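# Structural overview for review
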Amino acid sequence: MRLSIETLPSSVRVSIRDGGSGIPSVLEGPALTRGLFSTKPGGSGLGLPIAQKIVHEHGGTLRLEPAPGGGTLALVELPR
């Protein structure tokens, strides 16, 4: 896992990259944050929806995208 923080003129961006298998294309977009869906045995599917709600309540955005070379890149941007 790799974490980086970048200060932008009007926001702060936190990037979190993992080295896993990535997000299957059928789960990209709104399906990821809908909730109650998990690919993990025993998972509740609530982690991403809760994270997105917290970020939005602070005026920010949360994006997930495939990382170059594999894995997933999570980008959280919050206003300064």
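Here is what the cut-offs are and how they apply
- Residues numbered from 1 in each chain as written.
- Predicted model: local features only at pLDDT ≥ 70, side-chain atom pairs only at ≥ 80, totals over all residues.
- Heavy atoms only, no water.
- Salt bridge = Lys/Arg side-chain N within 4 Å of Asp/Glu carboxyl O.
- Helix = DSSP H or I, 4+ residues; strand = E, 2+ residues; numbered from the N terminus.
- Buried < 20%, exposed > 50% of the residue type's maximum accessible area, 1.4 Å probe, protein only.
- Pairing = 2+ DSSP bridges.
- Patch = residues over 30% accessible without salt bridge, like charges linked within 9 Å, V, L, I, M, F, W, Y side chains within 5 Å.
- Areas by Shrake-Rupley, 256 points an atom, 1.4 Å probe, with all protein chains shown as cover.
- Axes fitted to C-alpha atoms, helices over the stretch in contact; angles between N-to-C directions.
- Contact = heavy atoms within 4.5 Å.

We now examine the pattern of salt bridges. On inspection of all chains with the given rule, the structure shows 4 salt bridges. In this structure, glutamate 57 and lysine 53 form a salt bridge, with 2.9 Å as the shortest nitrogen-oxygen distance. Taken together, the positions of glutamate 57 and lysine 53, both in helix H1 (residues 47–57) and 4 residues apart, correspond to about one turn of that helix. When its relative accessible area of 52% is taken as the criterion, lysine 53 is described as exposed. The residue glutamate 65 makes a salt bridge to arginine 63 at a minimum N-O spacing of 3.6 Å. By relative accessible area, which is 29% here, glutamate 65 ends up partly exposed. Each member of the salt-bridge network shares a partner with another, and the members are Glu6, Arg13 and Glu77.

Bringing the pairing of strand S1 (residues 2–7) into the picture now. By the criterion of burial, S1 is predominantly exposed, with just 0 of the 6 residues buried. Count of turn residues in the S1/strand S2 (residues 11–17) antiparallel hairpin: 3 residues.

Taken together, Leu46, Ile50 and Ile54 make up a surface patch of nonpolar side chains, about 260 Å² in accessible area. Counting through the fold element by element, isoleucine 54 comes out in helix H1. Given the relative accessible area of 46%, isoleucine 54 is considered partly exposed.

Attention now goes to the sheet that holds strand S4 (residues 72–79). Sheet architecture is open: 4 strands sit in the order S1-S2-S4-S3, paired in antiparallel fashion. Every interior strand has two partners, whereas the edge strands, S1 and strand S3 (61–66), have only one. Looking at each pair of strands side by side, their axes are set apart by 15° on average, direction ignored. Across 6 bridges, the pairing between S3 and S4 is antiparallel. When the sheet's bridge partners are listed, proline 66 is paired in S4 with threonine 72. The sheet contacts of H1 involve S3 and S4, and relative to S3 the element is tilted by about 135°.

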